Amino acid sequence: MSASLFDFAIFFYHNAHELVKRGHGPYFYLPKMEHYLEARLWNDIFLFSQSYIEMPANTIRATVLIETLPAAFQMEEILFELRNHSSGLNCGR
Amino acid sequence: MQFIDSSAPTFANMLNGQVNLRDAVRRQIDFEVSGKEYKLVDRPAVLIVR
């Protein structure tokens, strides 16, 4: 299975509620993206996961790393897909 | 904190990372080695997972 999905799911399942309880939240960096449809997939994952553990939608915050050429030309589309979970974009490389 | 290819991505390593994260979130990650103590400050940086 996808390593990033596994890593996300295990961390989220065990820690999301606890983080919110402590005044923080489930916050993520999403690296290496190349297309706004990847952002849409992550948004779907976030919505499903929050619902699964009965956490309000839009609690997760994700920063997308713009570190590929294709992503640099789809920044607005990427932000739009993650508009309810976005904590902005970051530039690497 | 990153689950990324700069660390050897063995399953055991990845699970160890998850255990460390769980402890860190609950502030139970203090440890001591060779007489040196490692512990979180009162207000550590915000945790973002990659």
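Here we summarise the structure given alongside this text. (Residues numbered from 1 in each chain as written. Chains lettered and ligands numbered in written order. Predicted model: local features only at pLDDT ≥ 70, side-chain atom pairs only at ≥ 80, totals over all residues. Heavy atoms only, no water.)

Before going further, it helps to spend a moment on the overall build of chain A. The number of helices and strands found in chain A is four helices and three strands. Overall, chain A shows an N-to-C arrangement of helices and strands of α-β-α-β-α-α-β. Each principal axis of the C-alpha atoms in chain A carries an extent, and together these give about 35 × 30 × 20 Å. In chain A, 73% of the contacts between residues at least 6 apart in sequence involve partners at least 24 apart. (Helix = DSSP H or I, 4+ residues; strand = E, 2+ residues; numbered from the N terminus. Contact = heavy atoms within 4.5 Å.)

This part covers the sheet that holds strand β1 (residues 27–30) of chain A. Residues and elements named next belong to chain A. Spatial ordering of the open sheet is given by β1-β2-β3, a layout of three strands whose pairing is parallel. In this open sheet, the two edge strands, each paired with only one partner strand, are β1 and β3 (86–91). Looking at each pair of strands side by side, their axes are set apart by 20° on average, direction ignored. As paired elements, strand β2 (residues 61–66) and β3 share four bridges and run parallel to each other. When the sheet's bridge partners are listed, V64 is paired in β3 with L89. (Pairing = 2+ DSSP bridges. Axes fitted to C-alpha atoms, helices over the stretch in contact; angles between N-to-C directions.)

All right, on to the interface of chain A and chain B then. Opposite the 17 residues of chain A that make contact, chain B presents 16 residues. For the pair chain A and chain B, the summed buried area comes to about 1,500 Å², and 62% of that belongs to carbon and sulfur atoms. Listed by contribution, the elements that provide at least two residues to the side of chain A that touches chain B are α1 (3–21) and β1 of chain A. Ranked by the residues each element gives to the side of chain A that touches chain B, the list is headed by α1 of chain A, at eight residues. Of the residues belonging to the side of chain A that touches chain B, the class tally is nine nonpolar, three polar and five charged. (Buried area = accessible area lost by both parts, 1.4 Å probe. Nonpolar A, V, L, I, M, F, W, Y, C, P; charged D, E, K, R; others polar.)

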